[in-house]
Amino acid sequence: MEDYIVRSAIEGTQVIGFFARSTGLVEKAQAIHQTFPVATCALGRALTLVGIMGVSQKKVRRISLQIHCRGPLKEILVQSNQKGEVRGYVSQPMVILPPRKEGKINVEDGVGKGSQLLVMKDLGLKEPYLGSVEVQRGGIAYDLAYYFNRSEQLPSACSAGVYVAEGGEVLSAGGFIIHTPFGTPEEVITTLEQNLSRVGEVSKRLFQGETPEDLAEEVFASLPARVTGRESLQYHCYCSSDRARRALILLGKEELTKLLEEQGQGEVTCPFCNQKYLFDRRQLQEMILSAQDKSRRFKS
Ligand code: ZN
């Protein structure tokens, strides 16, 4: 079953919702990063939500969601674009924590209250848009909703979940983001809140065979909602040998020379997909020629 996002709007209002199935993309992330359940869930939730953010924001070329965790997961970075291409990593994929009540995987303590959640949007301008909030709970979806409310003044509801089997494999994953801008009629908000309180765990619903369209229908029940689009969603890394070469050049002349002398080659591993890029002696010498001399750059 392919992953995708359904866009649905409530007529006569500015309310819009995005409903995703992301099972395949989270499975792929787990295979690449060899994550244990806490990290599978945390990374999967973040990937699902950033995937939605990528397709939902028209002027944004690329969007990054980063969490500097106070908990043992340390760092989560996920990115996406308008095509629904998503990639990401968690710096500590093998964290083990005791489950929360009802046996739930403990993403909250993995991330940790008081962590920092940052959103960076590349709008094609000189400077990216940056927003950040302090993590309130650590389950990621609630914290992202808090970010929308606090940092973008856009009242929103977010949900994301990954259903993991005993053995650690991904059974299903998905989520949604609903924006309810200021000025939304009170009765619409009330109906939405009632609907949301009945929805429960998105990943379990998807596991039972429901689709993103079904989720949209339930969340927007008794409201004049209309599906207005369908977007694809997938794990896709856009690293390349050229990008890896540029990353190495950024080390500067001195570091590159040291690398050449000590190892005779340069190696860059993409943190998003583990692809290795190797550069031989001759290539390193070329890089040294085009690299800036860091010691000189800071002199007037
Ligand atoms: Zn890559």
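Residues numbered from 1 in each chain as written. Predicted model: local features only at pLDDT ≥ 70, side-chain atom pairs only at ≥ 80, totals over all residues. Heavy atoms only, no water.

1. What about the overall build of the protein chain?
We count it as follows: By the criteria applied, helices consist of DSSP H or I runs no shorter than four residues and strands consist of E runs no shorter than two, each listed in order from the N terminus. Computation of the radius of gyration draws on C-alpha atoms alone. For the globule rule, the value is 2.2 Å times the number of residues to the power 0.38. Buried means the residue's accessible area, taken with a 1.4 Å probe over protein chains only, is under 20% of the maximum for its type, while exposed means over 50%, and partly exposed covers the values in between. The contact definition used throughout considers only heavy atoms, calling two residues in contact when any of these lie within 4.5 Å. Accessible areas in this description were obtained via Shrake-Rupley with a 1.4 Å probe; residue shielding takes into account the shown protein chains only. Think of it this way: Lys and Arg go in the positive column, Asp and Glu in the negative one, and His and the chain ends go nowhere. By convention, the point assigned to a charge is CZ for Arg, NZ for Lys, CD for Glu and CG for Asp.
Helix and strand content of the protein chain: 11 helices and 13 strands. Computed over its C-alpha atoms, the radius of gyration of the protein chain comes to 21 Å, within 12% of the 19 Å expected for a compact globule of 300 residues. By principal-axis analysis of the C-alpha atoms, the protein chain measures approximately 70 × 45 × 35 Å. The proportion of buried residues among the 300 residues of the protein chain is 50%. Taking all contacts inside the protein chain whose residues are at least 6 apart in sequence as the whole, residues at least 24 apart take part in 64%. Total accessible area on the protein chain stands at roughly 15,300 Å², and carbon and sulfur atoms take up 49% of it. The distance from the centre of the 37 positive side-chain charges to the centre of the 35 negative ones in the protein chain is 6 Å.

2. Let's talk about a nonpolar patch on the surface
In plain terms, the rule: Each patch is built from residues that are more than 30% exposed by relative accessible area and take part in no salt bridge. Like charges join if they lie within 9 Å; nonpolar side chains (Val, Leu, Ile, Met, Phe, Trp, Tyr) join within 5 Å. What counts as a salt bridge is simple: a side-chain nitrogen of Lys or Arg found within 4 Å of a carboxyl oxygen of Asp or Glu.
The grouping of Phe36, Met94 and Ile96 at the surface amounts to a nonpolar patch, some 320 Å² of accessible area in total. Along the chain, the position of Ile96 falls in the loop between strand S5 (85-90) and helix H3 (107-111). On the basis of relative accessible area, Ile96 is assigned to the exposed category, the value being 70%.

3. Looking at the coordination of the zinc ion
Convention followed: Distances up to 2.8 Å from the metal define which N, O and S atoms are donors, and 3.2 Å serves for Na, K and Ca; water is absent from the atom set, so sites may look incomplete. Four donors are marked tetrahedral only if all angles between them lie between 85 and 135 degrees, whereas four are marked square planar and six octahedral if opposite donors are more than 155 degrees apart and the other angles lie between 65 and 115; the remainder are marked irregular.
All of the protein donors around the zinc ion are Cys237 (SG), Cys239 (SG), Cys270 (SG) and Cys273 (SG); their distances to the metal are 2.2 to 2.3 Å. Considering all four donor atoms around the zinc ion, the spread of angles at the metal, 102 to 116°, places the coordination shape in the tetrahedral class. For the zinc ion, the single-chain donor residues occur in sequence as C-x1-C-x30-C-x2-C. One end of the pair, Cys239, is in the loop between strand S11 (234-235) and helix H8 (241-249); the other, Cys270, is in the loop between strand S12 (266-269) and strand S13 (276-279), with 31 residues separating them in the sequence. Accessibility expressed as a relative area gives 7% for Cys270, which makes it buried.

4. Details of the environment of Gln263
Here Gln263 is to be found in helix H9 (residues 253-263). The spatial distance from the C-alpha of Gln263 to the C-alpha of Arg281 is 9.0 Å, given a sequence separation of 18 residues.

5. A word on the sheet that holds S11
For clarity, the threshold we go by: Only strands joined by at least two bridges in the DSSP assignment are considered to pair. Axis definition: a line fit to C-alpha positions, over the contact stretch in the case of helices; interaxial angles, taken between N-to-C directions, run 0 to 180 degrees.
Taken in spatial order, the six strands make up an open sheet running S7-S6-S3-S4-S5-S11, and their pairing is mixed. At either margin of the open sheet sits one strand with a lone partner, and together these are strand S7 (129-134) and S11. In the packing of helix H2 (residues 37-56) onto the sheet, contacts are made with strand S3 (62-68), strand S4 (75-81), S5, strand S6 (116-122) and S11, and the angle to S4 comes to roughly 30°.

6. A short note on helix H5 (residues 186-199)
At 3.6 residues per turn, the α-helix brings residues three or four places apart onto the same side. Under the convention used in this document: Take the residue count of a helix, subtract one, and multiply by 1.5 Å to get its expected span. Comment: arc refers to directions from the helix axis out to C-beta atoms.
The terminal C-alpha atoms of H5, which comprises 14 residues, lie 20 Å apart, in line with the 20 Å expected from a rise of 1.5 Å per residue. Along H5, the residues that are buried comprise Val188, Ile189, Thr191, Leu192, Asn195 and Val199. Angular distribution of buried residues about the axis of H5 spans 165°; they occupy a single face of the element. Turned more than 90 degrees off the buried face of H5, the exposed positions are Glu186, Glu187, Glu193, Ser197 and Arg198. Buried residues in H5 make contact with strand S1 (4-10), strand S9 (170-179), helix H6 (202-207) and helix H7 (212-219). Downstream of H5 by one or two residues, Gly200 has phi in the positive range, about 75°.

7. Points about the state of the cysteines
Every disulfide links exactly two cysteines, by a covalent bond between their sulfur atoms. Rules: In this description, a disulfide is simply a cysteine sulfur pair whose atoms lie within 2.5 Å.
Across all of its chains, the model carries zero disulfides by this definition. With no disulfide of its own, Cys69 has Cys41 as its nearest cysteine by sulfur position, at a separation of 14 Å. Classification of Cys69 by relative accessible area gives buried; the value is 12%.

8. Regarding unusual backbone geometry
Residues other than glycine seldom take positive phi values, yet Gln34 does so here, at roughly 50°. Structurally, the position occupied by Gln34 is in the loop between helix H1 (23-33) and H2. With a phi close to 65°, Lys74 is a non-glycine residue in the positive phi region. Here Lys74 lies in the loop between S3 and S4. Take Lys74: its relative accessible area is 51%, and that puts it in the exposed class.

9. Thoughts on the sheet that holds S1
With antiparallel pairing, the five strands of this open sheet are ordered in space as S8-S9-S2-S1-S10. One side of each edge strand has no neighbouring strand; the edge strands of this open sheet are strand S8 (156-164) and strand S10 (225-232). Each strand of the sheet is rotated relative to its neighbour by a mean of 15°, with strand direction disregarded. Inspection of the sheet shows S8 paired to S9 by nine bridges, in the antiparallel sense. For Gly161, the partnering residue across the bridge sits in S9 and is Gly174.

That's the geometry; what it means functionally is another story.
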